[in-house]
Each structure stands twice: as C-alpha cells, then as structure tokens.
Amino acid sequence: MQFYLAIDIGASSGRHIVGWRERGEVQTREVYRFPNGVTRRGGHLTWDLDALLCGVRAGIRAAKEAFPEIRSMAIDTWGVDYVLMQDDREVLPAYAYRDDRTADVIPLVHETVPFEELYRRTGCQFQPFNTVYQLAADRLTGRLDGVTDFLMIPEYIAYRLTGVKAKEYTNATTTGLISAETGDFDRELTARLGLPAHLFPQLCRPGTEIGTCDGIPVVLAATHDTASAVEGIPMGENELYISSGTWSLLGVKTERPLTDDASRAANYSNEGGVGYNRYQKNIMGLWLISELRRELCPTLSPDEVEHLAESSTFDGTADVSDARFLAPESMKAAFDSDFDESGEPRPASTADYLRAAYHSLARCYGSAVSEIEHNLGRTFRTLTVVGGGAKDTFLTRLTAEYTKKRVVSLPIEATALGNLKIQMEAAHDTL
C-alpha cells in the first residue's frame, strides 16, 4: 500500500491529508491543520510567509510520524498571488489579493492593452486582483528591479521545500497572462506591459516531479486549488460544479477556452484543468457569511448561523458581485450601502443580514447558470457542490431554488482528493 500527502492551503487554513487506495477507493486521513490568514502591515493586506512555511513543515513532520513511508507529496493553494524573488531572497511584502493596491494601475494597463483584447488573448475574467494588475503595480513602484523570479504561492512553498523553482500550468492560468490559444505565457502581452521576459519560463504540467523534501518526492499537483477540486469531483457526465468555500467557483469543463464577446460580457473565466479547460466564474462565497458572523454574532457556530438565517423572513438581496464586498472593514456596512443605493429597505436584524447574504449568493448562482447555458448553447440537469458550502443545507436548498437544477451536495475533501489523484496517476498507482 502506498501513501501520498496532499498539502491543501486556503485563505483561512492549511491541511495535510494523507491518502491511499484501499478496496478500490481512495481513503484519506487528515493529520495536521494550521491557521492561515492575511495580516495588515503598512496599510496593506499581506501574507505571513514565515508562518505559512512553519505550518507546512510542521504538517510534513506530523504526516511522517503517522505514515513513515510516504510515496510523494504535492501542494495546492489559492491562485493569483505570488512571491517575488531576488535569487533565493524574497522581496517583501507578499501582498494578498484582497489588498487594494491595483486600483490606480488597472486603467493604465487597459490603456496599453484594452480589456477586450486582454480577454480575447487570455480568456481570464476581470478581477481587480488578477496577477497581471499586481505585476503592473510592482513594475510601476520599482519592485521588479533586480527580481529574478516570481513564484505563485504553491510554487514558492515547493521551492522552499526542494530548492527547485518550477512554474505550474493551472495556477499560471489565474494570472491573466496565459495565451488561450497556446496554453503558455503570452510573451507579446508581457512585453507590451513592460514585464521582464525572464520571469516567464516554460510551464510544467500537473504530475511533474520536481525534487525531494526530507527524502519524499515532491510532485506538482494542479497547484490551483480549484483545479485540484474539479479533479476530485466524481461526475459521471460533464455537468455543472461549484467549489464552495471562501469563494464560489461555478463552472463546467470545456475542450478549449471560450473568449467570445458573450463570455467576456458575462465575465466568465477560462482556467487550466488536467487535460481540459475550466469555464467558470468566481463568485463571492462563504466569505460573506463568515464576515457577517465575525461582526454580528461571533459566538454562534456555523450551524447556528444557518438556522438563524432560516428563521428570518427578510426577502431583500444585494449585488454581492460588487467590489464593495471584496474586503470591507464592515460587511454589514457593505450590505447597507448596497441596499441604500438600490432604494430597498435595509435588513433590520442579524438574522435578516444573514438571510440576505444567503439569498444574494444563491441568486448569483442562478444568474451564472443562466449565462453559462446561454453561452454554451446547452442545458444542464445537475449542479454538484463540493467544499464547505456542501455542508450547508439552507444554502443547498436555495441553490436548487435559484438555479432550478438538481443539486448534489458532496461534503467531501474534493481538493485533497484531486491532489491525491494526480499524485497517484503520476506514480501509476491506479485502480
């Protein structure tokens, strides 16, 4: 029996999960968990790289204690963010995607390359935190001077574990710099934006072994956590999915990127999968509810929050795709602002705010499903939900109501399962 270690890191926590095949199925065991989160330094939102690496290494030690013979390990994290390097030294801080440092640079990027052309070239949906805008901000402030590499967060962790710098395809597709036609960096685009050519080497595909850590081979999974999650979803047919966590990623597999005007207008993204394209939309997710809970009812458990939302009869909804919900100091104030602009009555109680968040999120799901069916010219029957949102029965019921689909909630560790699946296939450990 061979054992594999998936290191799955999200915006709020990291987990080390060991997996193996037994009786024809993949079995898993979580062996370590550590907290993660943004820190505010110098007026900006940043990642604490030392704490992140400390948690990763502690989890590897815990995994080795529980399973002395580990065949390989692989890391996945959120996309978009990165660490600049001058040889083996970090250029700090490592900014977090919710920081607002790109606000002034976005119009400058679009003056050089209009968004219509950016989308046609890359198929990457507009988000103010896209890597293309972050790197443009770095160039304008001189942070790229003397920089030898930029490593996405999982690539940086892998480098610190192995000493090998390798760039992986699925996470690279979140940058807004990958050609939708070739699947490699668009070097004409990076040149027009004044980004140094040496920062964009050849990409590695998921399943590539890049080095070792403590005698354990380190493999590149689909290092973007959503790409690993989609690999971990058991779908008999190609149907709709939502990877539901801090963000909700709603989409479907396609053979190739779609960069037409309708896809751009609907702000759908094209991101890399393992042998396919992920045509999907980033939607505000459980972040809305967790921030309201933190602000209004921090002593309640997630189940109690869900039941409190159900108890309300408030029927108002907000446009939670608006940028005001990205990183507000007060999530309650963000909802108030949206309701005030629309002329609708504000929620009157904590239960009302929570219910508004639930309904607003599910309404976004319904709109996104309508767009995807229109753009692809086909109707889907099933929507599979994995991740934290799959455990929320109220959200599941609302999702079915707004999307008019059969919703299958699978409260499984889809991201870790996809990560493990890629490692097992790389080792030819198949059923």
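Residues numbered from 1 in each chain as written. Predicted model: local features only at pLDDT ≥ 70, side-chain atom pairs only at ≥ 80, totals over all residues. Heavy atoms only, no water.

Enquirer: Explain the overall build of the protein to me, and be specific about the residues and the numbers.
Expert: The secondary structure content of the protein amounts to 15 helices and 18 strands. Its C-alpha atoms give the protein a radius of gyration of 21 Å, within 12% of the compact-globule value 22 Å for 431 residues. With respect to the principal axes defined by its C-alpha atoms, the protein has extents near 60 × 55 × 45 Å. The buried share among the 431 residues of the protein stands at 58%. Of the contacts made within the protein by residues no fewer than 6 positions apart, 69% connect residues no fewer than 24 positions apart. Surface exposure of the protein reaches about 17,600 Å², of which carbon and sulfur atoms provide 48%. Computed over 44 positive and 61 negative side-chain charges, the inter-centroid distance for the protein is 2 Å. (Helix = DSSP H or I, 4+ residues; strand = E, 2+ residues; numbered from the N terminus. Rg over C-alpha atoms; globule rule 2.2 N^0.38 Å. Buried < 20%, exposed > 50% of the residue type's maximum accessible area, 1.4 Å probe, protein only. Contact = heavy atoms within 4.5 Å. Areas by Shrake-Rupley, 256 points an atom, 1.4 Å probe, with all protein chains shown as cover. Lys, Arg positive; Asp, Glu negative; His and termini not counted. Charge placed at Lys NZ, Arg CZ, Asp CG, Glu CD.)

Enquirer: Give a detailed account of helix 12 (residues 331-342), specifying residues and quantitative values.
Expert: Helix length check: helix 12 (12 residues) gives 17 Å between terminal C-alpha atoms against 16 Å at 1.5 Å per residue, within 8%. Where helix 12 is concerned, the buried positions are Met331, Ala334, Phe335, Asp336, Asp338 and Phe339. Turning to helix 12, the residues buried within the fold contact helix 10 (287-296) and helix 13 (350-376). Backbone geometry just after helix 12 places Gly343 at a positive phi near 80°. (Expected span 1.5 Å × (residues − 1).)

Enquirer: Would you mind going over the state of the cysteines in detail, with residue names and values included?
Expert: Considering all chains together, one arrives at 0 disulfides under this definition. The cysteine Cys364 is free of any disulfide, with Cys124 supplying the nearest cysteine sulfur at 19 Å. (Disulfide = S-S within 2.5 Å.)

Enquirer: Let's hear about unusual backbone geometry: which residues, and what values?
Expert: Cis geometry marks the peptide bond from Leu92 to Pro93, where omega comes out at 5°. Tracing the sequence through the fold places Pro93 in the loop between strand 8 (89-91) and strand 9 (94-95). Despite not being glycine, Val80 shows a phi value in the positive range, around 75°. Relative to the assigned elements, Val80 resides in the loop between strand 6 (70-76) and strand 7 (82-86). Located in the positive-phi region is Asn267, a residue other than glycine, with phi close to 60°. Note on placement: Asn267 falls in the loop between helix 9 (261-265) and strand 15 (269-272). Taking relative accessible area as the criterion, Asn267 reaches 22% and is therefore assigned partly exposed.

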